[in-house]
Structure formats: structure tokens, C-alpha cells
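Here are the chains, one letter per residue:
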Amino acid sequence: MAIKSFHPPQRTLMGPGPSDVSARVLAALARPTIGHLDPMFVTMMDEMKELLKYAFQTKNELTMPISAPGSAGMEACFVNLVEPGDKVIICQNGVFGGRMKENVERCGGVAVMIQDDWGRAVDPQKLADTLKANPDTKVVAFVHAETSTGALSDAKTLVALAHKHGCLTIVDAVTSLAGSPLKVDEWGIDAIYSGTQKCLSCTPGLSPVSFSPRALEKIKNRKTKVQSWFLDLNLVMGYWGAATKRAYHHTAPINALYGLHESLVMLQEEGLENSWARHQKNHLALRAGLEAMGLQFVVPEKERLPQLNALTIPAGVDDAALRATLLNEYQLEIGAGLGVMAGKVWRIGLMGYASNPRNILFCLGALDDVLGRMKAPVKNGVAVAAAHKVLAG
Ligand SMILES: *Cc1c(COP(=O)(O)O)cnc(C)c1O
């Protein structure tokens, strides 16, 4: 049997990522492949670093995309900054904090876990207490925007606490970058990683990272070799670093980088602050519709992420059946619950290019229809109008 070309359906992506990719970014991906040491490509890399510095609000020289998804950016931060025996405090309030623990332990570090309720922000008081009880801590790590629950933590306060105790900080900004206010230099973040498929609305597979001069100092003065050859920044810097004659480390994912370049140009055109404001405004419109229907948010209002809306599934509603109907009839993807929240919540993403009025109205209309047909305990016929009101205001 001859296998034919793969033609995916045209979906609307309103889950926890990937988010909708714009035609501009898709077109950029299809441009001619050139060599990864071609002078024209090197110029593009330099622009990319500038664009990423803008997105992260940093002057850090060591700002670049890792050639692999967000999880690899996470791993790059931990393997470079944690040496065997190093104590690392991890503030966990969802799935991704658990992965940080895995990373620390695989580096031979000692993870001290602080647990916060899933669906809540990280509690700074708990961090202050744990730092006091563990004065030998080297690194503090936490997730800025917990995509598994929809909670936003106060990164500025947490980083300040860590610095007061002389610790470096590792921050997961996979879902926050471009969607929520994030200021790497102003807040003093030492190591940060993100992903391309959430609020940057690019294809998955790249992880923008940035390291402060203090973090770089630590990396250069390690007593032990970084356990990962591929992610050892001492080596990667030979290709991405400043003022170096770029040397082969690995072949960059050339066309994927065209896509990221284009999505960052789009971010620059819109303006970072405008992007944050758009995510917030659209969240309020979606929220008005969902609440009019009677659906309830998981996270308290002040700790809510605008780009990831976690809702409690109403009693008696078949989670899998609802999502399958949305996908099959409406070509609409929303997210299921993750970890302990599986089967209990839906996660509606309004990320990047997908955060727009058309998607909000489409999603609310689809939910209204399908939940109505499932005889779910919601109020029908009011959601779209409630969102309209906010969008018009
Ligand atoms: C999506 C996500 C990741 C992992 O990114 P991948 O690209 O899937 O590897 C890590 N942290 C958070 C908070 C995320 O939302």
C-alpha cells in the first residue's frame, strides 16, 4: 500500500498548547533552507537573540533558543546550574514543579520540596521559611505560570526572597512569556526557559532561554562537567554565544527558527505590553461567557492566568465525550485536566495568536451547544452575549 502525504485537519487550538499558528509563521517555515553557518543565517540568529531579549525584557548576552521543546529548556537550566550535592528548593503547585524535582535529582542535587495547593499561586511565606531552615540552598526554582492548573505566581517576590539568601533562581516561563507581564532583568531572574508553542504561537520544538551574568559565572566555574553534552552551555555558546566565530555544535533546526523569528517579529510589531493587555482583555471576555453559563474557575481571581482558563467540569458531564464532540464537530481542541486534575477540569487556552475575539465567541457557542445537548447543568443561550458585552466595552 502506498502511503500518501499527511494532510492534518484545520483545527482551532484552545488547549494548553500548541496554540494556533498564524499563516505568517507557517509561511516563514516554508522558506528555503540554507546552511546553518551561512552568513545570512548567522545574521538571522543575531536578530533572533535581540528579539528574544525584548520578549524576556533582558540585556542578558546568553539569550537564545535551545533546539528542542520547553522540557529541554528546563533541563538546560538544571543541568548547567545544579552540581552533585547542591541543594535546590522547588516550589511546587502543579505538574511542572514535579518535573523540576526529577531534573534536580538526576543532576545529583538534593531537592527540597515546598508544596502548595494545585490551583493556587506559590506562597512566598513558605519559601521564606524554607530558605531560613535551609541556609545552604544554592538554587530556588518555581513555575511562573502553571499550565496544569491556570495559576500565576508572583515571580518578582519569589526571586527577591531567593536573592536575599544568596540563591540563584530558575524560572519556568513556558506559558507566561508574551502572555503575562514578565521582566527578567527588573525582577533579577538568573535562568529562565520558555516554549514556542504557547503564547508565542509558533510551532513546538524550540525553547527560548536566558541566563544572567551571575548564572553564567556559575556555569563557567563548575567543578564538574555538565552531565549532558548536548545541553552543556559551555559548548552551545560556541555556536550561539556573543562575538564568537560561530562553530558547529549541532545543526540548528533552520526552518523552525525562521518560524520563531517571524513570531517574534509579530510580537515586536504588536508590542509586548499590548500583547499582555490583549491576553487579559480576551480572558475577561471568555470569563464573562463561561460564568454566565454557570461554569466555575478553579483558580481564585487574583491568581488566575489570562492565557489558561481552568474550569471545574460540572457534575454528571462526560469529560471525554464533550471534548471528542468539540473536536469532531467543531474542529475545536480544548485541554483535559493533567495529573491529579485529570477528569476534573477543562483547560481552555487563549494563547498568542489564538487569543482573539473570534475564537472566544466560537468556543462559547460550541460549548453552549454541546453542553446543552448533553443536558449539562448550565444556563444555555447567554454565554456569547455576555462575552460580546465585554468585547464591545
Ligand atoms: C508546556 C510546558 C512545559 C513543557 O514544554 P514542552 O514544549 O511540552 O516540552 C513546561 N512547563 C510548562 C509550565 C508548560 O506549560
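Residues numbered from 1 in each chain as written. Predicted model: local features only at pLDDT ≥ 70, side-chain atom pairs only at ≥ 80, totals over all residues. Heavy atoms only, no water.

Some thoughts on the pattern of salt bridges
So, step 1. Tallying each qualifying case throughout the model produces 20 salt bridges.
So, step 2. In this structure, Arg 246 engages Asp 46 in a salt bridge whose closest nitrogen and oxygen atoms are separated by 2.4 Å. Of this pair, Arg 246 sits in the loop between α9 (233–240) and α10 (254–270) while Asp 46 sits in helix α2 (residues 39–56), placing them 200 residues apart in sequence.
So, step 3. Note on Arg 246: relative accessible area 13%, which makes it buried.
So, step 4. Ionic pairing is found between Lys 101 and Glu 105, a salt bridge with its closest N-O pair at 3.4 Å. In this pair, Lys 101 and Glu 105 are both assigned in helix α4 (residues 95–106), 4 residues apart and thus about one turn of the helix distant. (Salt bridge = Lys/Arg side-chain N within 4 Å of Asp/Glu carboxyl O. Helix = DSSP H or I, 4+ residues; strand = E, 2+ residues; numbered from the N terminus. Buried < 20%, exposed > 50% of the residue type's maximum accessible area, 1.4 Å probe, protein only.)

Quick look at the packing of helix α11 (residues 272–293) against helix α14 (residues 383–392)
So, step 1. Two numbers describe how α11 lies on α14: the axes approach to 7 Å, and their chain directions differ by 150°. Between α11 and α14, the angle is such that the two are roughly antiparallel. Relative to α14, the crossing made by α11 is right-handed. In this structure, α11 uses Lys 281, Asn 282, Leu 284, Ala 285, Ala 288, Gly 289, Ala 292 and Met 293 to contact α14, whose residues at the interface are Ala 383, Ala 386, Ala 387, Val 390 and Leu 391.
So, step 2. Partitioning the contact of α11 with α14 into residue classes produces 10 nonpolar, 2 polar and 1 charged. (Axes fitted to C-alpha atoms, helices over the stretch in contact; angles between N-to-C directions. Parallel < 35°, antiparallel > 145°, perpendicular 65-115°, else oblique. Left-handed = near helix turned anticlockwise from the far one by under 90°. Contact = heavy atoms within 4.5 Å. Nonpolar A, V, L, I, M, F, W, Y, C, P; charged D, E, K, R; others polar.)

Some details on the sheet that holds strand β2 (residues 62–66)
So, step 1. The 7 strands are arranged β2-β10-β9-β8-β5-β3-β4 in an open sheet whose pairing can be described as mixed. Strand pairing shows two members of the sheet lacking a second neighbour, β2 and β4 (110–115), which therefore form its edges. For this sheet, the mean inter-axis angle between neighbouring strands, taken without regard to orientation, is 15°.
So, step 2. Two strands pair when backbone bridges link them, and strand β3 (residues 87–92) and strand β5 (residues 137–143) are joined in this way by 5 bridges, in the parallel orientation. (Pairing = 2+ DSSP bridges.)

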